[in-house]
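Read off the chains here:
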Amino acid sequence: MTTPSLLILPGDGIGPEVMAEVRRVIDWYGDKRGLKFDVSEDLVGGAAYDVHGTPLHDDTMAKAQEVDAVLLGAVGGPKYDVLDFSVKPERGLLRLRKEMDLFANLRPAQCFDALADFSSLKKDVVAGLDIMIVRELTSGIYFGEPRGIFTEGNERVGINTQRYTESEIDRVARNAFELAMKRGRKLCSMEKANVMESGILWREVVTKVGEDYPEVELSHMYADAGAMQLCRWPKQFDVIVTDNLFGDLLSDAAAMLTGSLGMLPSASLGAPMENGRPKAMYEPVHGSAPDIAGQGKANPIACILSFAMALRYSFDQGAEADRLEAAINAVLEKGVRTADLLGEEGVTPVSTAGMGDAILAALDESL
Ligand code: NAD
């Protein structure tokens with residue numbers, strides 16, 4: 001079997017700092033578990049603009065299309081705010097998502113027990129929470145035509161169009177059902193079929209796809225009711241599938257049930273490649289955090305958990321992903337905290353590398 005390939009794009013701000021800790025974890029898997037990756041590294045965002053005058057060089061884009069998975073840190077920063085829209089750091093990220101056609105965005109909301117007090121909800125509502133939101137990422141109202149600001153009579157009108165084809169719904173639904181099969185076999189689809197035709201079609205297609213997955217218990221919920229249920233009793237959900245707009249809102253809300261931005265990973269998946277692996281990019285939810293960049297304060301866990309998702313969804317190493325998540329849980333249980341996770345009296349924060357050290361030690365203990 002060929003060695004799986006991984007393209008690392010650290011990006012800007014805290015991106016390179018948190019990615020350095022991921023590199024140590026990747027090396028650990030090579031040394032201690034015989035799990036070797038063919039790792040290459042390149043520039044994205046402002047770092048790429050500084051060198052190439054573009055936030056994503058064509059050669060980097062071509063590499064991203066070839067590898068088994070891309071792992072990205074974060075892009076952006078105040079230095080680049082003055083740039084033209086077409087070369088802003090975020091354009092590099094959007095180009096990767098678009099050209100790789102990453103249509104399924106996976107956003108886990110998982111509450112580590114040691115951090116249950118961090119949630120804005122009561123501890124018993126979030127302790128043990130483990131849900132996955134699958135958001136359609138490349139269609140819907142953010143892309144539909146017509147769009148724009150037009151003049152009608154003597155006033156202007158802003159228009160965006162919600163548009164979904166059956167095949168777009170089918171492919172993201174299949175992705176969600178496959179995930180549900182590997183998890184708790186429960187899938188809740190959220191739309192607004194009561195007021196939107198696209199929602200009626202969404203419900204019809206998801207129901208039809210569900211016939212291929214009789215083992216999965218499928219339910220439907222209006223997205224506004226879903227938002228309420230997520231805040232009321234989130235543990236009723238296993239996998240949620242929803243469109244681009246509702247997914248944007250629901251995944252952010254669900255993620256924050258669990259605490260800090262420094263803890264949240266994500267995966268964006270596309271169609272299967274020739275080797276059967278999906279096109280994939282993994283990245284923390286957070287940005288480049290210019291306010292703490294270069295100070296060794298960043299929490300690397302979101303980026304390390306993104307690598308755990310790569311182990312699970314690109315490299316079929318679910319047990320090793322479990323090992324990594326358990327190591328992070330053990331570290332948190334011991335009270336090790338980066339500054340963003342403080343709140344308790346008498347706890348001294350560790351640095352980004354200090355958190356990396358603790359996770360590697362916990363990985364060693366897991367052997
Ligand atoms: P941000 O996520 O960078 O930071 C928000 C707050 O959370 C900051 O106070 C920051 O210090 C803190 N934070 C974020 N990640 C952390 C971590 N790992 N550890 C500890 N604290 C952490 O969002 P922002 O400040 O709105 O944006 C800053 C820049 O990042 C902007 O240029 C923005 O465009 C860009 N951005 C990039 C991405 C991405 O690359 N995917 C996502 C969001 C924002």
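Just so you know, these numbers come straight off a predicted model, no measurement behind them.

The rules behind the values
- Residues numbered from 1 in each chain as written.
- Predicted model: local features only at pLDDT ≥ 70, side-chain atom pairs only at ≥ 80, totals over all residues.
- Heavy atoms only, no water.
- Helix = DSSP H or I, 4+ residues; strand = E, 2+ residues; numbered from the N terminus.
- Buried < 20%, exposed > 50% of the residue type's maximum accessible area, 1.4 Å probe, protein only.
- Contact = heavy atoms within 4.5 Å.
- Salt bridge = Lys/Arg side-chain N within 4 Å of Asp/Glu carboxyl O.
- Pairing = 2+ DSSP bridges.
- Axes fitted to C-alpha atoms, helices over the stretch in contact; angles between N-to-C directions.
- Parallel < 35°, antiparallel > 145°, perpendicular 65-115°, else oblique.
- Left-handed = near helix turned anticlockwise from the far one by under 90°.
- Nonpolar A, V, L, I, M, F, W, Y, C, P; charged D, E, K, R; others polar.
- Phe/Tyr/Trp six-rings, centres within 6.5 Å; stacked < 30°, edge-to-face > 60°.

Another aspect to go through is the overall build of the protein. The secondary structure content of the protein amounts to twelve helices and twelve strands. For the protein, the spread of C-alpha atoms along the principal axes amounts to about 60 × 50 × 50 Å. Counting every position in the protein, which comprises 367 residues, the buried fraction comes to 51%. Relative to all contacts within the protein whose residues are 6 or more apart in sequence, the contacts with residues 24 or more apart total 74%.

Note that P284 resides in strand β12 (residues 278–284). Placed 16 residues apart in sequence, P284 and P300 show a C-alpha to C-alpha distance of 9.1 Å. If we ignore the near neighbours within four places in the chain, the residues touching P284 are L72, G73, L264, P265, A302, C303 and S306.

This next bit is on the pattern of salt bridges. Per the counting criterion, the structure on display carries 24 salt bridges. Between D42 and K63 there is a salt bridge, with the nearest N and O atoms lying 2.9 Å from each other. With D42 in the loop between β2 (38–41) and α2 (46–52) and K63 in helix α3 (residues 58–66), this pair connects stretches of sequence that are 21 residues apart. A salt bridge links E99 to R95; the nearest nitrogen and oxygen atoms lie 2.9 Å apart. Here E99 and its partner R95 are both found in helix α4 (residues 89–99), four residues apart, which amounts to about one turn of the helix. What makes E99 partly exposed here is its relative accessible area of 40%.

A few words on the sheet that holds β2. The strand order β2-β1-β3-β12-β11-β4-β5-β10-β8-β9 describes an open sheet built from ten strands, whose pairing is mixed. Of all strands in the sheet, those with a lone pairing partner are β2 and β9 (217–222), marking the two edges. On average, adjacent strands in this sheet sit at an angle of 20 degrees to one another, irrespective of strand direction. One ladder, built from two bridges, connects strand β3 (residues 69–74) with β12; its direction is parallel. Paired with V70 across the bridge in β12 is M281.

Quick look at the packing of helix α1 (residues 15–33) against helix α12 (residues 352–365) now. Orientation of α1 relative to α12, taken along the N-to-C sense of each, is 20 degrees, at an axis distance of 9 Å. By the angle between their directions, the pair α1 and α12 is classed as roughly parallel. Read as a crossing pair, α1 and α12 show a hand that is right-handed. Residues E17, V18, E21, R24, V25, W28, Y29 and K32 of α1 lie in contact with α12, whose contacting residues are T352, A353, G356, D357, L360, L363 and D364. Its residues placed into classes, the contact of α1 with α12 shows seven nonpolar, two polar and six charged.

Buried residues dominate strand β4 (residues 104–110), accounting for six of its seven residues. Here β4 pairs with strand β5 (residues 130–136) via seven bridges, running antiparallel. Its bridge partner lying in β5, P108 is registered against M132. As defined by bridge partners, β4 adjoins strand β11 (residues 265–272) across three bridges and the pair is classed as antiparallel. Pairing of A104 across the sheet is with L269, part of β11.

Under the definition given, this model contains six aromatic pairs. Centre to centre, the rings of W28 and Y29 are 5.1 Å apart; their planes meet at 85 degrees, and the pair counts as edge-to-face. On the basis of relative accessible area, W28 is assigned to the buried category, the value being 5%. Residue class for Y29 comes out buried when judged on its relative accessible area of 0%. Ring geometry for F37 against F307: centres 5.9 Å apart, planes inclined by 75 degrees, an arrangement best described as edge-to-face. Taken together, the residues span a long stretch of sequence, with F37 in the loop between α1 and β2 and F307 in helix α10 (residues 301–313) at a distance of 270 residues. For the pair formed by F37 and F307, the shared burial category is buried.

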